[in-house]
Amino acid sequence: MNESNVLIVGAGPVGLTLAIDLAWRGISVTVVETRARAAPPEPKCNHVAARTMEIFRRLGIAQKIRNAGLPADYPHDISYRTSFTGQELTRIRIPCRRDRFTATDAADSNWPTPEPPHRINQIFLEPILFEHAASQSRITLINRSSVEDVVIEDTCADVSVRNLDSGELSRINCRFLVGCDGARSIVRKAIGAEFSGDAIIQRVQSTFIRAPGLIDRQQHESAWGTGAINPRRSGMVYAIDGRERWLVHNYLRPNEDDFEAVDRDGCLRTILGVGAEFEYEIISKEDWYGRRLIANAFRDRCAFIAGDAAHIWVPYAGYGMNAGIADAMNLSWLLAAHLNGWAPENILNAYEAERLPITSQVSRFAMSHAEAEIKRRGAVPGEIEEEGARGEAARREVGRLTYEINVQQYACAGLNFGAYYDRSPIIAYDGAAQPSYTMNSYTPSTVPGCRTPHFFREDGSSLYDAMGPEFTLLRLDPRIDATPLAGAARARGVPLRIVDVATPLPPAYDGGSLVLSRPDQHVAWRGHGLPADPVNLIDHIRGASAAR
């Protein structure tokens, strides 16, 4: 029998990022994956959120990821047209990666982050994560193997693993088990969790194609995403490599419930706006259901679930994978804190307490947006493709409404930065309410539970780059002697870095002269001076005290 500190089931972006972060924190990890080592993933995720790029920056792989995907000068815009080759209705401006850090007039420019979002398909992202994980001495990758049986106990889990090539069965005993194994998660079943919510919100007939001649048929500048809006079909076309590979979503109508009964070729040609003479090759069929499903539990003793194993929703705002990585980063530092010896096992109670409520919030944002967009699709005026004044008026009005609805998901600052934890057992609240947020707007704040507001320091460097890998005390008033708090952390073995922050400061930092930021860059505590009992505060944030 083999043994592992942490066993992760699933080597998609969520599982790999969790493994990389745990290894970075000094924890040995084993990852089990059914696919072969170099097998390409499905072309699903197309967007890496700013918050996820901040994580990749911390792990030292952000630049490599940003350099991959579409050509450097390929626009990351979202264009809406009567068809891919038809007239443009509106355009949401998103800079190409060459201009990502210099453009100031885009829908998501000037966000308070060192790492803006990046458009890259999973077929390019995942190999980068896998290569990095494979280079880490603390990570063991087991490919072409499936987990077939899970036994969960109080202090360990026993997992049966079958080699898919030889059929050989082996067992792995692990201190902690994490299921990042997707919607059909065997780990979710093992912990007894069940999905509930909305089983089917929409059906999408999705086709991954190779069409070298398509890019030159456009009337308008290229875009990363191109929406087709006409009375016959509605769809989205995503540029995968900026040359010849495209992912085409055909949004099925409410009465179309059989993917194969719908004329795939005819619908695809209508969305693209091409005739029968146009040639393309189907690489794969990627049909999917839009759902809103959330597990009723994220943990049973030493076993946890994250990503699609814990929640599935309509992939608006590109937030499916990104929400899964947020799960992983929340769980990672909690597991590492316990395994590295400076936090009791009670700290792990924070995972479900923090992530499950956020999952419900975000899924409802996505569902509300999906409903608005579905309603818009069902009301396309018949004259939208006409020449003349009637057609122009229709295109102008549809373009206005489409922009208004969709800029929220493609420039979703609220989902990136606004989420907060308001019911955590390891955050020291001070009675102030966290600012509300929407899909596309939020208010930076140091209220405990919020994301630690980012800003660039006087020398141009990122605040996040100065912060430590674990806890960081931001001292806004250098006259405050932080020795007692630092001593309390040292006495409990809690890693703590003190960073002096010079004025002027953003308005978000008006809530106290000291801000204690957690390893996941959420505020754990703040104050105008030292806490009355520094040891009690340190015990609270490491899960060793129930006191508020």
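Provided above is the structure to which this section pertains.
Counting of residues starts from 1 at the beginning of each chain's written sequence and follows it residue by residue. This being a predicted model, a pLDDT of at least 70 is required before a residue's local features are given, and a value of 80 or more before pairs of side-chain atoms are given or counted; all residues contribute to the totals for chains, interfaces and linings. Where side-chain values are given, they derive from all heavy atoms of the structure, hydrogens and water being excluded.

Participant: Can you tell me about the overall build of the protein, naming the residues and giving the values?
Facilitator: Starting at the N terminus, helices and strands are each numbered in turn, a helix being any DSSP run of H or I of at least four residues and a strand any DSSP run of E of at least two. Along the backbone of the protein there are 13 helices and 23 strands. Taken over C-alpha atoms, the radius of gyration comes to 24 Å for the protein, in line with the 24 Å a tight globule of 548 residues would show. A principal-axis box enclosing the C-alpha atoms of the protein has dimensions of 75 × 60 × 40 Å. A sequence separation of at least 24 residues applies to 71% of the contacts in the protein between residues at least 6 apart. For the protein, the exposed surface amounts to about 21,100 Å²; the carbon and sulfur share of it is 47%. In this tally, Asp and Glu contribute negative charge and Lys and Arg positive charge; neither His nor the terminal groups of the chain are included. One atom stands in for each charge, and that atom is NZ of Lys, CZ of Arg, CG of Asp or CD of Glu. Placing the 60 positive and 67 negative side-chain charges of the protein at their respective mean positions leaves the two points 1 Å apart. Here the globule rule is a power law, 2.2 Å times the number of residues to the power 0.38, and the radius of gyration is based on C-alpha atoms. What makes two residues a contact is simply this: any of their non-hydrogen atoms within 4.5 Å. A 1.4 Å probe and the Shrake-Rupley method give the accessible areas. Residues count as covered only by the protein chains that appear here.

Participant: Could you give me a rundown of the state of the cysteines, with the residues and numbers involved?
Facilitator: Cysteine pairs can be covalently joined through their sulfur atoms, and such a bond is termed a disulfide. Cysteine sulfur atoms that come within 2.5 Å of each other are treated as a disulfide pair. In total, this model carries zero disulfides according to the counting rule given. In this structure C302 is not part of a disulfide, and its nearest cysteine sulfur, from C156, lies 6.2 Å away. According to the relative accessible area criterion, C302 is buried, its value standing at 0%. With no disulfide partner, C412 has as its closest neighbouring cysteine sulfur the one in C45, 12 Å distant. Partly exposed describes any residue whose relative accessible area lies between the buried limit of under 20% and the exposed limit of over 50%, with all areas from a 1.4 Å probe on protein chains only and scaled to the type maximum.

Participant: Can you tell me about the pairing of strand β23 (residues 523–527), naming the residues and giving the values?
Facilitator: Counting buried positions along β23 yields five of five residues, so the element is predominantly enclosed. Pairing between strands is defined by DSSP: at least two bridges between them are needed. The pairing of strand β22 (residues 514–517) with β23 spans four bridges and is classified as antiparallel. The partner of V515 across the bridge, within β23, is R526. Counting the residues that bridge the hairpin from β22 to β23 gives five residues, and of these Q521 lies at a positive phi of roughly 65°.

Participant: Could you give an account of the environment of H118, naming the residues involved and the relevant values?
Facilitator: Secondary-structure assignment places H118 in strand β6 (residues 118–119). What makes H118 buried here is its relative accessible area of 1%. A sequence separation of 339 residues divides H118 from R457, and the C-alpha atoms of the two residues are 23 Å apart. Aside from chain neighbours lying at most four places away, what touches H118 is H47, V48, M53, I65, R66, A68, H76 and R97. Any N or O atom pair separated by 3.5 Å or less is treated as a polar contact, with the protein-specific requirement of one donor-capable and one acceptor-capable atom, and with residues adjacent in sequence counted only for side-chain atom pairs. A polar contact of 3.5 Å, which involves the side chain of H118, links it to the backbone oxygen of R66.

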